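A closer look at the structure
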Amino acid sequence: MKNRVLIFQIGLALALGVSARAGLIWENTEADLHPTLSDKAVVAHFKYKNTGDKPITITHAHSSCGCTVAAPPKDPIAPGRSGEIVATFTIGDRVGEQTKTVEVRTDEPDSAPTVLKLKATIPRLLEYKPPLLYWRDWEKRMPKTIDVTIGDSPITNLDVTSADPSIKIETVAIPKEKAFRITVTPPSENRQINATLKIQPDFPKEAPKTFYANVRVDIAGGANGPIGFGPRALWAPSSGMQSASAQANDQAKAVAVLHPTKGSSVEGVVTFAKSGNDIKVVADVTGLTPGKHGFHIHEFGDCSSPDGMSAGGHFNPTNDPHGSHDAAERHVGDLGNLEADSSGKAHLELTDTMMTMSGEESIIGRSVIVHEKEDDLKSQPVGNAGGRAACGVIAIAKP
Ligand code: CU
Ligand code: ZN
């Protein structure tokens, strides 16, 4: 019964929508795109027809992302004429399901804008885990490994390099498992290391891609600054390479209790509650310096290191750039800033449409970080928000 009402409502909405823009009719407003591993861009065609009796000019074709370019006709579309808008989506480093939109407006009076959707399913060239190799100050400098799986990608060789030549890197192919293993050994000398590894597959040759991993070695009493994550360093753990945390089913509520990092007195509680398809986030934090503080979900639910760096980088399963909470493209973990009053207290409530508490990309088992400084909402990859003042693991709460 409920379904029938819904279908009726959709039907009604469609009927109204069509009559509201009787002039320009679109044959399709969605394009399903399936680029191959070697494609740099995909092209979508959206066909229209002017069914009215007056010429119509497309005045505006605005893309949701700088990665998408739409070419509308410059001249008015005569009555009875058909044509198409060609939109090109440059893939870049994006992977998985991506939806980009183009909003089209015309000079028809009272017409609603039409939203054209490009839905691309971009294959993954390879996956690797973990994106960060981390030696704590007390840990022996034993070799650690990054496992790379290539699936059906025709990769035959991986070139793995580091700008720091003292890091020993060994790459071995395991053809039987369609995988490579990268073994990394830091130098034995007592030196802080914060290096980026470049992983370059030999396919596709005409559109070379680089993946980034990070090597970090802390020393006792060292100035252990933020991790220098490469622009695309963070990859979501994906199916089959998943932590136990994401197996939790459809949670209604989660909570993160924030504890101060070493030398900080910032603490607080952040709650996450499902509300329809959205998640409501409420944060109460104390002990801050007055003003703004970056507030994010980070990839790992590990607050064990004194500086909070063990929590990894921003949680970014969609492999998008860092941004503000209301940006069309952002890390799922980008929640913007907390703002503390003169007494150092901050209260924040926001509604989020991107995060989920179930499935592979669940926030449960990850962490919340409050930063020492303000997130400028634009610097890549982490908004230049400085050190980590508090850390808390996101855990299942009583519903
Ligand atoms: Cu952060
Ligand atoms: Zn971010």
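Residues numbered from 1 in each chain as written. Chains lettered and ligands numbered in written order. Predicted model: local features only at pLDDT ≥ 70, side-chain atom pairs only at ≥ 80, totals over all residues.

1. Some thoughts on the overall build of the protein
So the rule is basically this: The helix count covers DSSP runs of H or I at least four residues long, the strand count covers runs of E at least two residues long, and both are numbered beginning at the N terminus. Using C-beta atoms placed from the backbone, we call a residue buried if 20 or more other C-beta atoms fall within 10 Å of its own, exposed if 12 or fewer do, and partly exposed for counts in between. The contact criterion used is a C-beta to C-beta distance within 7 Å, with each C-beta placed from the backbone.
A tally of helices and strands in the protein yields one helix and 24 strands. Taking all 399 residues of the protein together, the buried fraction comes to 35%. The contacts in the protein between residues at least 6 apart in sequence include a share of 66% that link residues at least 24 apart.

2. Digging into unusual backbone geometry
Cis geometry marks the peptide bond from F203 to P204; its omega dihedral reads -10°. Among the secondary structure elements, P204 is positioned in the loop between β15 (193-201) and β16 (211-217). Here Q380 and P381 are connected by a cis peptide whose omega angle stands at 0°. Topologically, P381 is positioned in the loop between β23 (367-371) and β24 (388-396).

3. Describing the sheet that holds strand β3 (residues 41-50)
The criterion, for reference: Here, a strand pair is defined by DSSP locating no fewer than two bridges between the strands. Angles run from 0 to 180 degrees between N-to-C directions of axes, and those axes are lines fitted to C-alpha atoms, restricted for helices to the stretch in contact.
Ordered in space as β1-β3-β6-β5, the four strands form an open sheet in which the pairing is antiparallel. Looking at the sheet topology across the chains shown, the edges are occupied by β1 (24-26) and β5 (68-71). Pairs of neighbouring strands in the sheet enclose a mean axial angle of 25°, with direction left out of account.

4. Digging into the environment of W138
Looking at the secondary structure, you find W138 in the loop between β10 (132-135) and β11 (144-149). Its 7 C-beta neighbours within 10 Å are what place W138 among the exposed residues. Through-space distance from the C-alpha of W138 to that of V217 is 10.0 Å; in sequence the pair is 79 residues apart.

5. Focus on the nonpolar core
Counted only if it meets this: Buried Ala, Val, Leu, Ile, Met, Phe, Trp, Tyr and Cys residues form a nonpolar core when they are connected through C-beta atoms within 7 Å.
L258, V285, I363, V370 and I394 are the most contacted members of the largest nonpolar core, which totals 35 residues. Secondary structure elements with two or more residues in this core: β17 (253-260), β18 (267-275), β19 (278-286), β20 (291-298), β21 (334-340), β23 and β24. The greatest single-element share of this core, amounting to five residues, is contributed by β24. Beyond its immediate stretch of four places on either side in the chain, V285 contacts L258, V266, G268, L338, A346 and V370.

6. Focus: the confidence of the model for the protein
Note the threshold: Each residue carries a pLDDT value, the predictor's own confidence for that position, ranging from 0 to 100.
Residues at a pLDDT of 70 or more form 87% of the protein, whose mean pLDDT is 84. Of all secondary-structure elements in the protein, the lowest mean pLDDT belongs to helix α1 (residues 2-20), at 47, while β23 reaches the highest, 97. With pLDDT under 50 throughout, residues 224-249 is counted as low confidence; its partners more than four residues away or in other chains account for 66 contacts.

7. A look at the pairing of strand β8 (residues 114-122)
Only one face of β8 is covered, namely the face carrying T114, L116, L118, A120 and I122; the face carrying V115, K117, K119 and T121 is uncovered. For strand β2 (residues 30-33) and β8, the ladder comprises four bridges, and the chain directions are parallel. Each residue of the ladder has a partner; that of A31, found in β8, is L118. Bridge analysis of strand β7 (residues 96-106) against β8 gives nine bridges, and the strand direction is antiparallel. Residue Q98 lies in a different strand from β8, and its bridge partner there is A120.

8. Topic: the sheet that holds strand β9 (residues 127-129)
Spatial ordering of the open sheet is given by β9-β11-β14-β13, a layout of four strands whose pairing is antiparallel. What marks the edges here is a single partner per strand, and that holds for β9 and β13 (168-174). Neighbouring strand axes in the sheet, compared pairwise and without regard to direction, differ in orientation by 20° on average. Bridge analysis of β13 against strand β14 (residues 179-185) gives seven bridges, and the strand direction is antiparallel. Residue pairing for β14: E170 is matched across the bridge by T183.

9. Notes on the environment of E374
Tracing the backbone through its elements, the reader meets E374 in the loop between β23 and β24. Every residue in contact with E374, bar those within four places of it in the chain, is listed here: G291, K292, H293, G294, N337 and A385.

10. Examining the environment of M309
Mapped onto the secondary structure, M309 falls in the loop between β20 and β21. What makes M309 buried here is the crowd of 28 C-beta atoms within 10 Å. Put simply, M309 and C391 are 82 residues apart on the chain and 9.3 Å apart in space, counted from C-alpha to C-alpha.

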